[in-house]
Structures are given as C-alpha cells and as structure tokens.
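Chain by chain, the residues run as shown.
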Amino acid sequence: MTKRLYIDTVGCQMNVLDSEMVVADLRKRGFELAGDLAAADVILFNTCSVREQAENKTYSALGRLRSFKKQHPEKIIGVMGCMAQKDQKLVFERAPYVDLVVGPGQLARIPDLLDEVAAGKGPQMAVSLGRREGPVEDIKRSHETFDPLRDPTMRPTPFQAYLRIQIGCDKFCTYCIVPMTRGPEQGRDPEQILAEARVLADQGCKEITLIGQTVNSYKHTSGGRTTRLADLLHSLSQVDGIQRLKFVTNYPKDMTDDLLQAVRDLPKCSPYLHVPAQSGSNSVLARMKRGYTVQDYRETFSRIRATLPQAAVTSDFIVGFPGETEEDFQKTYELVEECRFKNSFIFKYSERPGTKGAELYADDITYEVKNRRNNDLLALQNRISEEDSQRFLGERALVLVEGPSERELKRRAGGVSPLSHGDVVQLTGRTPDDRIVVFDGNPRLVGEIIPVAIYDVAPHTLFGAVVTEHLSGAGFQPALQLL
Ligand code: 5AD
Ligand code: SF4
C-alpha cells in the first residue's frame, strides 16, 4: 500500500536539498507526497537552528500536532535537520509524541527508522557525534553526505538544482551553531559531483548552484591530487546541457584570484557572488572570530570588482552582536554604503546555546536597539538595491524562465480560468547575476533562457517584456512588443 509523506522544510539551501533527497529516497520505497499534513501517514519537519525564532516556530508547529497525534496515534511524526542534531532527546521531552529525531548527517537511516517505529519499537533517534565526542575521523564518518538520487519533481523547477559539494564547517564563528549541527568540513569527491551534474543535466537541468557552508573553501584530495572550487567549475563547465553555474556561500578570506578568474573566464559561470561580511567593525569581527578585518574584506571586495566589474555581490550582516556600540554599527552602515551590495540579508543576533558566543558574551543589546539597527541597515540596502537596479532600465537581460509569478499563482488560486493554449500569463525568471525578472509571456517559455527588455525596476525586481525577434522562429506570439 502506498504511504503518504508530508514534509515541511525551513532554513537554508542545505535543508531544501536534504528534503529533496529524503523524498527521493522514500519514493523509492513506495511513498507518495501528500498535499497536506492531515492526509499524511508520515509527517517530517526539516528544521533550522541558526536563529532561535526558527526553532520556536518548529516547536509551535509540533505543539499544534499534540491533539492530532492523540486522535491518530498511527501517524508518524519526525523531526530532522539541525534542530534534531542540536536538541536530540530534548525534542522528545518538549514534544513526547514525536516518533523520530534524525540529524542532518544521518538522513540515510530514515527509511529503516520509520520501519522500526511502524513495527512498534518506540521512538527512534539517529544523530551524529558532537565535535568533542571522539577522534576526528569518527566524527567525520558520523556526518554523512546524503546525496543518493535526484528527484526533479521535488524542486521548485526541474531546470534549476542545488548540488552539494561540501558539508560541515570548520570556521567556528562564535555566533554560529552550524559547525556543531553539520559537523566537520568535508569536500565531496569531484567524480561524484561530476556524475551528479550529468544526472541533473540528463533530467533537463540548466542551472546548477553548488552549495557548501563555505563553498569557496572546497578542497578534496585523492591520489595525491587536490581539487578546489575553481577546478570543479572548469570540469562542470564541460557538462553538456548545463548552462549556468552558481555557488553559495563564500567565506571572504578564501576568495582567491584563481576562483575569480574562473568565474570571469568560464562563460557558464554566473557573475554572482554571495560574500557575507557580517559586520563593518574590527572589534565585532574579532569577537565573532571571523578571521578577517574590515580592511581584509575591502581588499577582497576590490579584487572582486577589479576582476568582475559587472558581478552582483551580496552579503549577510548580523546586527546587535554582543557589545556592538553605535560606533560599531555606524561602521557596518558605512561598509554597506561603500560596497553597494546588490542585496544584503540582515539578521538580528540570536544567542545560540552551544556556541562560543553564548559562552563568552552576554546578549546585551536590547531587542529595540537590534530592531532599529536592522531597520536602518535594511532601509539603506533597499535604497542601494533600487539605485543599482536602475542601470538595467532599457537593457536586455538573459532570463531563465522559472514559472508563473506569485501574483499569477494567486490570481489562478482565486478562480481565474485554467490556462489554455496560447494564453499569456505573468512569468518570473532569473538573470545570470541572480536578479528576479517579471514579464508577460506564454507558459511554454518556462525552462527556456530568453532575452527580456527591462522597462521598470523595483529594489529587488526587474520588470520587462519578451524580446520578440528571438521567438519568431519558435512560433511564439509575443506578449508585448517593446523596443
Ligand atoms: N544570529 C543571527 N544571525 C545568524 N546567522 C548565523 N548565526 C546567527 C545568529 N546566531 C546569520 C549569518 C549567516 C546567515 C546564514 O545567518 O549572517 O551568514
Ligand atoms: Fe557559520 Fe561561520 Fe561556518 Fe558560516 S563560516 S557556517 S557563519 S561558522
């Protein structure tokens, strides 16, 4: 009998990919995806621990299942991902009706553990070793990459895919829980990565985003040969069918010239670099143990600009890190003003038990101050993003069409008649430098890379019209003629 699975995913790209893998694995064993939680036999939460708020949301969602589980004791509830690894037995204590707790390094065990639960053997837990719980090789082995089968139906679009090249992190920034939940940094074998890229290409995938916590620190040594990210990009560029290569997230200190040159010289590499600065103050960076100064970051940034003048550079910032003064914050503000990032993701510091930061520093910045700094920095970044978008006005962008826009999906959900042949709908897609473009077109364009003329811009969106001459041969009726 087919069993139905519901999976709720929060957090980073790693989690999105982990969920894809778990679904592919369970499908192989007879599971189908359920449309909603109530219809499922197995309910999995793929969780995040980077900020407390994400954990609170998961515990609230679990709390809402308390009476549901009483009514349906045969349904299996599982918690996987970083919160499972971090909280372990605490998950069972806070939600005693949970059947399964599985850390991100143990995902391959989910099918067997589900069998054990179904066989009445009680709650099951599989977690990796902690960073001090044994010899490093044992710890590494307990954090396994889980990259079995690719399932294009589990991705937002089958033409775009994440490909894991590295797991874990060894940087130990003092605010961050990731080195504890995802274990030691380990680069995957380049042969496996290439083989997976070929599978993705055969599935019709055009854009691959390589992912790793510090993706540009990627290193793999075998047979006396060391492979780095730049080498991988060269090999992956040879894979037929793959047209775009991106990679996230970069660690500023490992942004080497050969990598920047690879991005410049390989036509398939997207000119898009996410290089989180986290703060513009040296004293905060030192307490974060980021391993660089603002001067070092500036130097990296100018090398990026010199080699890739047109690249879109984005960053992450944490505001309200312990001890952050107004002056420190002002320096962060100035760094954003100076670098003019395409976008920045701004987070309020969240103390994470188990990190050095929680041990060493009191979380002494009030919520109000964190909030104000967050809003001030966001307002500045939005202004910069909007100004930066302006230069695309009147330009043509090459867009990989992803699907109907959110507005279109809402309209359809609201009862507009289903699509028919020749319909024109609002579509959305992405430029090589990761800008979102909204335009009208035929849904048949989904999955194509097409030129779009930009006629309006917002801070994080470009608006355009399909350039018609490109499409005449394809028998396409243009949505709008422009230029
Ligand atoms: N509090 C707030 N933000 C955090 N991040 C990581 N840990 C924390 C934390 N404890 C942010 C960093 C990182 C991004 C993924 O999340 O900016 O780059
Ligand atoms: Fe966390 Fe720092 Fe590693 Fe990024 S580099 S995952 S912020 S410890």
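Definitions and cut-offs
- Residues numbered from 1 in each chain as written.
- Chains lettered and ligands numbered in written order.
- Predicted model: local features only at pLDDT ≥ 70, side-chain atom pairs only at ≥ 80, totals over all residues.
- Heavy atoms only, no water.
- Buried < 20%, exposed > 50% of the residue type's maximum accessible area, 1.4 Å probe, protein only.
- Helix = DSSP H or I, 4+ residues; strand = E, 2+ residues; numbered from the N terminus.
- Arc of directions from axis to C-beta.
- Contact = heavy atoms within 4.5 Å.
- Near = heavy atom within 4 Å.
- Polar contact = N/O pair within 3.5 Å; in protein donor to acceptor, adjacent residues only side chain to side chain.
- Areas by Shrake-Rupley, 256 points an atom, 1.4 Å probe, with all protein chains shown as cover.
- Nonpolar A, V, L, I, M, F, W, Y, C, P; charged D, E, K, R; others polar.
- Phe/Tyr/Trp six-rings, centres within 6.5 Å; stacked < 30°, edge-to-face > 60°.
- Core = buried A, V, L, I, M, F, W, Y, C linked by side-chain atoms within 4.5 Å.
- Pairing = 2+ DSSP bridges.
- Axes fitted to C-alpha atoms, helices over the stretch in contact; angles between N-to-C directions.

## Overview of helix α10 (residues 229-236)
Those residues of α10 lying buried are Leu229, Ala230, Leu232, Leu233 and Leu236. For α10, the angular spread of the buried residues around the axis is 160 degrees, confining them to a single face. On the buried face of α10, the contacting elements are α9 (190-202), β10 (207-211), β12 (225-228), β13 (244-248) and α11 (257-265).

## Some details on the site of ligand 1
Close to ligand 1 lie Val50, Arg51, Tyr175, Gln278, Asp316, Ile318, Phe347, Lys348, Tyr349, Ser350 and Arg352, which account for all nearby residues. At 2.8 Å from a nitrogen atom of ligand 1 is found a main-chain nitrogen or oxygen belonging to Ser350. For ligand 1, whose accessible area on its own is 410 Å², the fraction buried by protein is 85%. For the shell around ligand 1, the residue count by class is five nonpolar, two polar and four charged.

## A look at the packing of aromatic side chains
Inspection of every chain in the model, using the stated rule, returns 10 aromatic pairs. Relative to Phe321, the ring of Tyr175 has its centre 6.5 Å away and its plane inclined at 85 degrees; by these criteria the two rings are edge-to-face. Separated by 146 residues along the polypeptide, Tyr175 in the loop between β8 (166-167) and α8 (178-181) and Phe321 in the loop between β15 (312-319) and α14 (326-339) bring together distant segments of the chain. Across this residue pair, the class does not change: Tyr175 and Phe321 are buried. Summarising the aromatic geometry, the rings of Phe321 and Tyr361 are spaced 5.9 Å apart at their centres and angled 65 degrees between planes, so their arrangement reads as edge-to-face. In this pair, Phe321 sits in the loop between β15 and α14 while Tyr361 sits in the loop between α15 (356-360) and α16 (367-390), placing the two residues 40 residues apart along the sequence. Exposure class is identical for Phe321 and Tyr361. Each is buried. Three or more aromatic residues joined by ring pairs form one cluster here, namely Tyr251, Tyr292, Tyr297, Phe301, Phe317 and Phe341.

## Some thoughts on the site of ligand 2
Around ligand 2, the structure places Cys169, Lys171, Phe172, Cys173, Tyr175, Cys176, Val178, Pro179, Gln213, Thr214 and Arg290. Of the residues contributing to the shell around ligand 2, the split by class is seven nonpolar, two polar and two charged.

## Side note on the nonpolar core
Formed by 63 residues in total, the largest nonpolar core has its most connected members in Ile208, Leu210, Leu229, Leu233, Phe247 and Tyr297. Ignoring sequence-local partners within four residues, the contact set of Leu210 consists of Leu163, Ile165, Val215, Leu229, Leu233, Leu236, Lys246, Phe247 and Val248. Counting residues in each nonpolar core, the second largest holds 26 residues, with Ile76, Val117, Ala126 and Phe146 among its members.

## Here's the deal with the sheet that holds strand β20 (residues 449-458)
Taken in spatial order, the five strands of this closed barrel run β17-β18-β19-β21-β20, and their pairing is mixed. Across this sheet, the average inter-strand angle for adjacent strands is 50 degrees, counted without regard to direction. Pairing geometry for β20 and strand β21 (residues 461-466), over six bridges, is antiparallel. In the sheet register, Ala453 faces β21, and the bridge partner there is Ala465. Packing of helix α17 (residues 406-413) onto the sheet brings it into contact with β17 (396-404) and β18 (425-430), and relative to β18 it is tilted by some 145 degrees.

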